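This is what each chain is made of:
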Amino acid sequence: MSAGTPAARISQRISAIAESATLAVDAKAKALKAAGRPVIGFGAGEPDFPTPDYIVKAAIEAAAQPKYHRYSPAAGLPELKKAIADKTLRDSGYKVDPSQVLVTNGGKQAVYNTFATLVDPGDEVIIPTPFWTTYPEAIRLAGGVPVEVFAGPEQGYLVTIEQLEAALTDKTKILLFVSPSNPTGAVYSPEQVAEIGKWAASKGLWVVTDEIYEHLTYDGVEFTSIATAAPELGDKVVILNGVAKTYAMTGWRVGWMIGPADVIKAATNLQSHATSNVSNIMQVAAAAALTGPLTAVDEMKVAFDRRRKAIVAGLNAIEGVECPTPTGAFYVYADVRGLLGKEFETSHGPVRPSTSAELAALILDEVEVAIVPGEAFGPSGYVRLSYALGDDDLAEGVRRIQEFLGRAK
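Scoring rules and cut-offs
Residues numbered from 1 in each chain as written. Predicted model: local features only at pLDDT ≥ 70, side-chain atom pairs only at ≥ 80, totals over all residues. Heavy atoms only, no water. UniProt positions renumbered as here; feature names shortened; annotations may be inferred. Helix = DSSP H or I, 4+ residues; strand = E, 2+ residues; numbered from the N terminus. Rg over C-alpha atoms; globule rule 2.2 N^0.38 Å. Buried < 20%, exposed > 50% of the residue type's maximum accessible area, 1.4 Å probe, protein only. Contact = heavy atoms within 4.5 Å. Areas by Shrake-Rupley, 256 points an atom, 1.4 Å probe, with all protein chains shown as cover. Lys, Arg positive; Asp, Glu negative; His and termini not counted. Charge placed at Lys NZ, Arg CZ, Asp CG, Glu CD. Phe/Tyr/Trp six-rings, centres within 6.5 Å; stacked < 30°, edge-to-face > 60°. Pairing = 2+ DSSP bridges.

Labelled according to an unreviewed UniProt entry, the chain appears under the name Pyridoxal phosphate-dependent aminotransferase, originating from Paenarthrobacter aromaticivorans. Of the comments in the UniProt record for the chain, the one headed Cofactor (unreviewed entry) reads "pyridoxal 5'-phosphate".

What follows is the structure in structure tokens.
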């Protein structure tokens, strides 16, 4: 820095981080609602159900026990780590020792820890696109380079081996794999999962797999863990997961990463200097969730499935919108390229949105419905809507969208 040049107040590293688009949309919708506006939000991936009673009860009981008022191991309570190991064997058929588990403050910290631990400056990470907004930011924070591989609706939002091969360079270190997918709801078949895993292993790549939507699949579609489907990966796989989506615990902030001993030890060291242990009360609640029944999950799935069918039908009834039927998670990813460039009559006169971001802004301003534009997840031309909201709100929100987009000329 030359003499007389003022120092930047915010570091370049942090200034380069993009705001979470999904949280930004959700925050704006909630702020408008708090101001008395009848806004309907399709932005956040947050179940509208309360956390099951038995989980809440476990937390209340834990809060009364002095032993949980103290610091605990940075990697997590032993009983929770064991519950995570047992659950991983039960749901994924993948056997791990509790020492291979690091409990984190939500799934996002697991994402950050993983890339901070594995990525050196200049390392490339292949990201099937559309992607969840946090992945590329966590990679960049670690000094890595996200390499987007786009799969559109024409191929079911599922990348192919040929596309992955084309993205491979001598700098590629990691393949990020997510199934079921946020934002598209796409789910890879067991055969596709195995094929991709074997390809990654043959190239000597690490695979980081986010399995947080594992229990949310529909139409008889199976979740398949790449760690199990491709044993050729050996110890070069890291599993990310958490309790947020399956047990309606988004606000409890408990996630985890599972990996080889050296990676978990290094990530634990990082976390010990960042946040130390996750709240003991939250960890006890998470252990209760993982060791309890999945009946609450099954009940939520019935509602999600009903809403999934309703929102797909409603959006596909709009001329210019094409909405594939998702088979996982609780999102639809609609193709709105047919509406871009069309004229819409608004309260400020005629407007022709040229991007999905402009279209989403129009929908919020004109009919007070919040959706997330495709720019948050990859290319423009698409919008994500979560159907993890109440049936009445979903129906009214879709009606408003139909009415507004139906005016396109």
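**Student:** Just to check I follow, could you spell out the overall build of the chain for this structure?
**Tutor:** For the chain, the helix and strand inventory stands at 14 helices and 14 strands. Taking 409 residues into account, the globule formula puts the C-alpha radius of gyration at 22 Å, and the chain, at 22 Å, falls close to it. Referenced to the eigenvectors of the C-alpha coordinate spread, the extents of the chain come out at roughly 60 × 60 × 55 Å. Expressed as a percentage of its 409 residues, the buried residues of the chain come to 55%. If you take every contact in the chain between residues at least 6 apart in sequence, the share linking residues at least 24 apart comes to 73%. Surface exposure of the chain reaches about 17300 Å², of which carbon and sulfur atoms provide 55%. Computing the positive centroid from 37 side-chain charges and the negative centroid from 47, the chain places the two 5 Å apart.

**Student:** Sorry, what's going on with the packing of aromatic side chains here?
**Tutor:** Two numbers describe a pair of aromatic rings. These are the distance of the centres and the angle of the planes. All told, the structure shown has 13 aromatic pairs when counted by the stated rule. Pairing phenylalanine 304 with phenylalanine 330 gives two aromatic rings, centres 5.2 Å apart and planes at 55°, and the pair type is tilted. Linking phenylalanine 304 in helix α12 (residues 295–316) with phenylalanine 330 in the loop between α12 and β9 (331–335), this pair joins segments that are 26 residues apart in sequence. Residues tyrosine 333 and tyrosine 382 carry aromatic rings whose centres are separated by 5.6 Å and whose planes lie at 10° to one another, so their mutual orientation is stacked. Here tyrosine 382 lies in strand β14 (residues 382–386) and tyrosine 333 lies in strand β9, a separation of 49 residues in the sequence. The class of tyrosine 333 is buried, set by a relative accessible area of 1%. Counting every residue linked through ring pairs, the aromatic cluster contains Phe49, Tyr213, Phe304, Phe330 and Tyr331.

**Student:** Just checking my understanding: could you explain the sheet that holds β14 for this structure?
**Tutor:** Within a beta sheet, neighbouring strands are joined by backbone hydrogen bonds and run either parallel or antiparallel to one another. Spatial ordering of the open sheet is given by β9-β14-β13, a layout of 3 strands whose pairing is antiparallel. On the outer flanks of this sheet lie β9 and β13 (372–373), each paired with one strand and no other. Bridging between β9 and β14 involves 5 bridges; their strand directions are antiparallel. The residue bridging aspartate 335 from the neighbouring strand is tyrosine 382, located in β14.

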